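Examining the three-dimensional arrangement
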Amino acid sequence: MARPQPPPWVHAAVLLCLLGLGGAIEIPMDLSQPPTITKQSVKDHIVDPRDNILIECEAKGNPAPSFHWTRNSRFFNVAKDPRVSMRRRSGTLVIDFRSGGRPEEYEGEYQCFARNKFGTALSNRIRLQVSKSPLWPKENLDPVVVQEGAPLTLQCNPPPGLPSPVIFWMSSSMEPITQDKRVSQGHNGDLYFSNVMVQDMQTDYSCNARFHFTHTIQQKNPFTLKVLTTRGVSERTPSFMYPQGTASSQMVLRGMDLLLECIASGVPTPDIAWYKKGGDLPSDKAKFENFNKALRITSVSEEDSGEYFCLASNKMGSIRHTISVRVKAAPYWLDEPKNLILAPGEDGRLVCRANGNPKPTVQWMVNGEPLQSAPPNPNREVAGDTIIFRDTQISSRAVYQCNTSNEHGYLLANAFVSVLDVPPRMMSPRNQLIRVILYNRTRLDCPFFGSPIPTLRWFKNGQGSNLDGGNYHVYENGSLEIKMIRKEDQGIYTCVATNILGKAENQVRLEVKDPTRIFRMPEDQIVKRGTTVQLECRVKHDPSLKLTVSWLKDDQPLYIGNRMKKEDDSLTIFGVAERDQGSYTCVASTELDQDLAKAYLTVLADQTTPTNRLAALPKGRPDRPRDLELTDLAERSVRLTWIPGDDNNSPITDYVVQFEEDQFQPGVWHDHSKFPGSVNSAVLQLSPYVNYQFRVIAVNEVGSSHPSLPSERYRTSGAPPESNPSDVKGEGTRKNNMEITWTPMNATSAFGPNLRYIVKWRRKETRETWNNATVWGSRYVVGQTPVYVPYEIRVQAENDFGKGPEPDTVIGYSGEDLPSAPRRFRVRQPNLQTINLEWDHPEHPNGILTGYSLRYLPFNGTKLGKQMVENFSPNQTKFTVQRADPVSRYRFTLSARTQVGSGEAVTEESPAAPNEATPTAAPPTLPPTTVGATGAVSSTDATATAAAATEATTVPIIPTVAPTTIATTVATTTTTTAAATMESPPTTGTKTHESAPDQQSIWNVTVHPNSKWANITWKHNFGPGTDFVVEYIDSNHTKKTVPVKAQAQPIQLTDLYPGMTYTLRVYSQDNEGISSTIITFMTNTAYTNSQPDVVTQGWFIGLMCAVALLVLTLLIVCFIKRSRGGKYPVREKKDVPLGPEDPKEEDGSFDYSDEDNKPLQGSQTSLDGTIKQQESDDSLVDYGEGGEGQFNEDGSFIGQYTVKKDKEETEGNESSEATSPVNAIYSLA
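Residues numbered from 1 in each chain as written. Predicted model: local features only at pLDDT ≥ 70, side-chain atom pairs only at ≥ 80, totals over all residues. Heavy atoms only, no water.

1. Concerning the state of the cysteines
This model, assessed by the stated rule, comprises six disulfides. Two residues share a disulfide in this structure: Cys446 and Cys495, whose sulfurs sit 2.0 Å from each other. As the torsion about the S-S bond is roughly 70°, the Cys446-Cys495 disulfide counts as right-handed. Note that Cys446 is positioned in the loop between β40 (442–444) and β41 (448–451) and Cys495 in strand β45 (residues 491–499), a separation of 49 residues in sequence. Pair check on accessibility: Cys446 and Cys495 agree, each one buried. (Disulfide = S-S within 2.5 Å. Helix = DSSP H or I, 4+ residues; strand = E, 2+ residues; numbered from the N terminus. Buried < 20%, exposed > 50% of the residue type's maximum accessible area, 1.4 Å probe, protein only.)

So this is what it looks like as structure tokens:
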């Protein structure tokens, strides 16, 4: 038996107002207050030219603020421009280009002003830029001729884009260039060869630029290398290819990454090492990249400035380059101004302190105007970076701005001064009830407000002193934390907020409940098939809580069938079968906590009839071991010895040693180790700071003995933890929080008293400082998070002896929300039979998109048809409707879905027909048929589950016979009607079309078959790192499986048979039950030549006979002359070409033929009539017509690209002449 580590106890009380515990007090929205900017676009706002422009600005205040904008420091009249609008109850600008216009015309610097009668708040100055992805300039590149062993730089020089494109190198056949310490890409995009080798000319080299916003890839014309070889390559000392010279300098801003690069040439290839003069490299921030050619220091600070040098060395010598690094800094906050809430007559101050390099200047503004030009205020005094207010009055209310800047950037902060006279008020419901489990940690919240700011105190049971210190801690926002709940902590807690205008109080009733514990756990058992077995599970729990006991088998819910009986404290299985073998877990749970206990049931097959008297004796479980003794006591080990009990006619096979500790889980026994039945003494390895007690259980084929009596106790000394908690996760339970959970460490991994966890988190990729909290439980909730953003999370164990090792960083996400509406929903009607729908993904997914829902219905005047529903996968953005009636119009409503639910919907109608005013046909009575993205037809009723749109699969056929074959495209479409399903022959492409389900699943399996291989792809919604298995069966019922590592698509199946039918499915390697639907495909038949064999033709046979007779006659004549002693002159014969050159080889033209009975161009016909493929290293792209190669996000081409057509004569002089009979005669002669 075993007790799994229970999950965290669930607190019944949901903690209220989960604000930062030390955060500022907020003014309730029902009170008058100046505006506060709550949301704005980033300072450098780069937009996609294909989308509408959105510049965000949102603010709160009472009364609600109004908004206006400036552009390039001048008033921007939104009402004058028909393309520009402002969202309702918001200052967000929307610039719409659906009716035309150029986004570049709206580039500039924008600033938002939010104003009400108490002041004006300002947004940052938002610099709007339109993304650019210019085309690569056309150029013809001559072959690069280089000597073997010489260095070489292939320059990329990509077109300048905004933002800068990502550069990578590939061959023209789309194979990535292998990089190592000899060949690598520099940070500037160039490709560097430290020394050129002969194998480098086996491929060409093309620079590719991927542009972020347009999701396109542009390809430069490829470089072709010609390597001149010599007998031997001379060895050379290193020299720097980049940077040039022996010294250079570099400037970097504080908080950014510093990237230093050194690329050297030489033979052999040099090694690169990095050093810092006068000190060591910062080990916690420095890492080496690009085969040690680059040094990256993350998040640099002022102490990272200095001189760095790289050393390039090989066996011929070494050389070094020194780089002087200067660290500058844009302004950063030392003390950011905060909102100031004062009562009439009170004093206060606003402080604005920032640092930078150079030192930033500070400028104060009030309500958006420079403070110098504002009306004088005798109660206000400016002292540099501080504004002091004395004896403030109601008229002093305003919004102040602090702008601090230097040459590298600026910071702008708003802080209002609000003068209020408000007695204390409580902001949470009264008389809350919070129930918590004994020994847990909890927090009682008491949000409050008042002006002047009230003083808050806590009391228990209406008496005694203020609660603070010891087991209690009061936070600035009024929350009372109780670090460890005890029985005496139960009672009524009162929080009292007091200021000069009065007081307010609230009460929280705290109930302490006993934990749920399984005190008699199920035990491991070994039983024979057909017998009855009982698993005990007796539970102790708090009587005021409802207890639920359930069972799991192999960690899955157990189905209680006719052979099983479940009682409150046991599970009985009658007529045990082999399928009953496995692990059984008893789960005892209440609404606050739960406990688990597990046992393993082993089922033995029937034994043969005994052949001797001893075997016929009844067998039983062994007796318990006895007389346990501890010897050889050491700091981390001890020897345990015991005396075995009677085996009861069945030999003891194993001994299980268990331990119990009295600190974390007293009375609970855990498995420690297992030993063979032949030993009765073993050395046990121990953990620090555990008060051990041991017992031993004997096991034979019948079952387990009762546990032995416990041994004496032995306590080990303490130490810092050597591990950290596992299974750290960060998931949002609401749209504005993130719950961090982990599996708590058990007694054997605590290593010391007061085990606690240091939880750290910060927004990913923001380089902000880590937030941290110390937690005694196993969960922590981060409040007030943005919707669905990634966080870096670390959880480190700590006890009184010290901290555990540095924890790994885990990525978690805050809570999801409903998505915004799909963008740019377009309805087009190319003809009277079809309607094409297109849309773009939502601007704010607010989570993981799970798909789209489309509802549509036909209407004709006031008559409505039946509403239809379609659900689409998250990647689908097109749909085609086949109209059943060309007269009716359609109304479409489209919304996106996340795991939270469906978001805002957008509605469009199909265009009106020219004669819609006088309809002649009734609205359709049958559901309209629907056509998928490329022509698949289906019909769906709104009351049934919506089927996914069916797409036609376009399969590019890769040429395998001759390099001049043009790639063709064949589309296979699966058509569905209400009555039957019909599939076209799966010869070139097969694809299943399904919607992405809400649960884990595999769908849209696509097969691209050839004659002897097939490419497989599919879609799934598993997490990263999931492995899959492809299983396929041929028509001979031979089954094969191919394991697939994560992210390894497409997968190629090889060794297939031409013309054979296969069935295929894809399933998860971890759970075979999660599988795709089974699909069928057929490989292509092998190519056969229908051209008649020349050797079987009559004319050819006659010609060969004539030639043979002529040769025989000549031989006879020569023999006769020779025998007579004749002499003949010998003359040199000049070789002549066997036939004229093919003129097509000179002008570079090729013939293309689609007739099946003709041999392919470039092939040779041998005497036996077979086709011989001409060898070629050319790829299809050699014969393109030029242009720039662009790719979609998935790697497919957009547009076309150019490579050089003409091949150098030095690449090969192989003859393409066919063998003729005349040639054969000359060879005989």
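2. Quick notes on the pattern of salt bridges
Under the definition given, this model contains 56 salt bridges. Across the salt bridge formed by Glu104 and Arg102, the nearest N and O atoms sit 3.8 Å from each other. The partner of Glu536 in a salt bridge is Arg538, with the nearest N and O atoms 3.6 Å apart. Judged by its relative accessible area of 27%, Glu536 falls in the partly exposed class. Put simply, Arg824, Arg826, Arg828, Glu838 and Asp840 are held in one network by salt bridges that share partners. (Salt bridge = Lys/Arg side-chain N within 4 Å of Asp/Glu carboxyl O.)

3. Regarding unusual backbone geometry
Look at the link from Asn357 to Pro358: it is a cis peptide, with omega at 5°. A positive phi angle, close to 45°, is found at Ser299, a residue other than glycine. For Ser299, the location among the structural elements is in the loop between β26 (294–297) and β27 (306–314). Given a relative accessible area of 32%, Ser299 falls into the partly exposed group.

4. Re the pairing of strand β51 (residues 548–553)
Along β51, the buried face is formed by Val549, Trp551 and Lys553; none of Thr548, Ser550 and Leu552, which line the opposite face, is buried. Where β51 lies against strand β55 (residues 582–589), six bridges are found, and the strand directions are antiparallel. If you follow Val549 over to β55, its bridge partner there is Ala588. Pairing geometry for β51 and strand β52 (residues 556–557), over two bridges, is antiparallel. Bridging from a neighbouring strand, Leu552 pairs with Pro557 of β52. As consecutive antiparallel partners, β51 and β52 are separated by two residues, and within that stretch Asp554 has a phi angle of approximately 50°, a positive value. (Pairing = 2+ DSSP bridges.)

5. Focus on the environment of Thr455
Position of Thr455 relative to the elements: it lies in strand β42 (residues 455–460). Counting along the chain gives 43 residues from Thr455 to Thr498, while the straight-line C-alpha distance between them is 5.2 Å.

6. A word on the sheet that holds strand β60 (residues 669–676)
Strand order across the open sheet formed by four strands is β60-β59-β62-β63, with antiparallel pairing between neighbours. Single-partner strands in this sheet number two, and they are β60 and β63 (714–715). For strand β59 (residues 654–660) and strand β62 (residues 691–699), the ladder comprises seven bridges, and the chain directions are antiparallel. The partner of Val656 across the bridge, within β62, is Ile697.

7. A look at a nonpolar patch on the surface
On the surface, Leu1109, Leu1112, Ile1116, Phe1119 and Ile1120 cluster together to form a nonpolar patch covering roughly 520 Å² of accessible area. Take Ile1120: it is sitting in helix α3 (residues 1098–1123). (Patch = residues over 30% accessible without salt bridge, like charges linked within 9 Å, V, L, I, M, F, W, Y side chains within 5 Å. Areas by Shrake-Rupley, 256 points an atom, 1.4 Å probe, with all protein chains shown as cover.)

8. Notes on the sheet that holds strand β39 (residues 432–437)
Across the sheet, which stays open at both edges, the four strands sit in the order β39-β46-β45-β42 with mixed pairing between neighbours. The open sheet terminates on both sides in strands that have one partner only, identified here as β39 and β42. Sheet twist, expressed as the mean angle between neighbouring strand axes with direction ignored, is 25°. Across nine bridges, the pairing between β45 and strand β46 (residues 502–513) is antiparallel. By the bridge assignment, Tyr493 is partnered in β46 with Val508. (Axes fitted to C-alpha atoms, helices over the stretch in contact; angles between N-to-C directions.)

9. Observations regarding the nonpolar core
Within soluble globular proteins, side chains that are nonpolar tend to cluster in buried spots. Core analysis: the largest hydrophobic core is formed by 30 residues, its most contacted members being Ile55, Trp69, Leu93 and Tyr110. Those elements that provide at least two residues to this core are β3 (53–55), β4 (57–62), β5 (66–71), β8 (93–95), β9 (108–116) and β11 (126–130). (Core = buried A, V, L, I, M, F, W, Y, C linked by side-chain atoms within 4.5 Å.)

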